[in-house]
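# Examination of the molecular architecture
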Amino acid sequence: MGIDHHGRTQRLDWADVTLREWDCTVLWSDPADPDQGIVLDRSAFYPGGGGQPPDHGVLIWQGVQTRIVGTRKGDDLYLLPAPGDPVPPVGTTVTGAIDDDRRTSLMRTHSGLHVLCGTVFRDFNVLVTGSNMEPGEARMDFNLPEVPPGFKQSLEDAVNAEIAADRKIVVRMLTREEANATPDLVRTQFKAPPELPQVRVVDIVGLDVQADGGTHVASTGQIGRVTVTKVESKGRQNRRVRIKLGS
């Protein structure tokens, strides 16, 4: 399959992050064992990865509704139904719909983390050692042994200055050769660019370029104001920065 597929499923979320509803067909399911998941021929559900949780939403078919509350790992993109919900059989035409509030909040949050990462890398030249996010809040760990006085407030100010600059956020594909030739494409310590013919990158123009598979807003101005709620020590080398987005 091409770079726009996850197993047999065409990844509509990579083609258009604004898509919230679409028609598709069930390629695989087991109504007798719902925990095995549902495979669609086309899906805009972000399956999770890179610290970003999977989308929630619904499948609507033959007058009934199946809530989608997660995914499971595998060669295909397996969507997990809510416990007790009916499972559409193979061949069923369904309408998929994404929980817009959750997706939009996660897009803003993920882009906010990239601004945080780009700002820390620019100002301190250190790498990320871990991250996680939920809608509207997140944390990122940095290999930052020394924290200067006033770090928390100065970092918050610097991040919000980049947000206020309303920098464009562009998603593009690089060939493997281009990715290998791009310095600092992976800002996470201990990781290299994925071994794929093409590498998807998220470019906050003028600030940050990273290999990334998640969903993002179109410009930093859409993130909204970020508050650095806490800076914690996680060992001798690591500092954990927690952020929260304004409504």
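Structure report, in brief. (Residues numbered from 1 in each chain as written. Predicted model: local features only at pLDDT ≥ 70, side-chain atom pairs only at ≥ 80, totals over all residues. Heavy atoms only, no water.)

### Brief notes about the pairing of strand S11 (residues 137–143)
The following threshold applies: We call two strands paired when DSSP finds no fewer than two bridges between them. What counts as a helix is a DSSP run of H or I of at least four residues, what counts as a strand is a run of E of at least two, and both are numbered from the N terminus.
Across six bridges, strand S10 (residues 128–134) lies against S11 in antiparallel orientation. In the sheet register, Met133 faces S11, and the bridge partner there is Ala138. Connecting S10 to the next strand, S11, in antiparallel fashion are two residues, including Gly136 with a positive phi near 90°. The pairing of S11 with strand S16 (residues 238–245) spans seven bridges and is antiparallel.

### Observations concerning unusual backbone geometry
At Gln62, a position not held by glycine, the phi torsion is positive, near 50°. Relative to the assigned elements, Gln62 resides in the loop between strand S6 (57–61) and strand S7 (64–72). Its identity as a non-glycine residue notwithstanding, Asn125 has a phi of 55°, on the positive side. Examined against the element boundaries, Asn125 turns out to sit in the loop between helix H2 (100–124) and S10.

### Side note on the sheet that holds strand S5 (residues 42–43)
Backbone hydrogen bonds hold the strands of a sheet together, and the pairing may be parallel or antiparallel. On the basis of which strands lie adjacent, the open sheet formed by three strands has the order S1-S2-S5 and mixed pairing. Strands at the two margins of the open sheet, each flanked by one partner only, are strand S1 (5–6) and S5.

### Overview of the environment of Leu79
Note the following rule: For each residue, the accessible area found with a 1.4 Å probe, counting protein chains only, is set against the maximum for its type, and the residue is called buried under 20%, exposed over 50%, and partly exposed in between. Here a residue-residue contact requires only that any non-hydrogen atoms of the pair lie within 4.5 Å.
Looking at the secondary structure, you find Leu79 in strand S8 (residues 78–81). By relative accessible area, Leu79 is classed as buried at 1%. With 94 residues separating them along the chain, Leu79 and Met173 place their C-alpha atoms 26 Å apart. Those residues within four positions of Leu79 in sequence are excluded, and the remaining contacts are Gly37, Ile38, Leu40, Ser43, Phe45, Ile68, Gly70 and Thr71.

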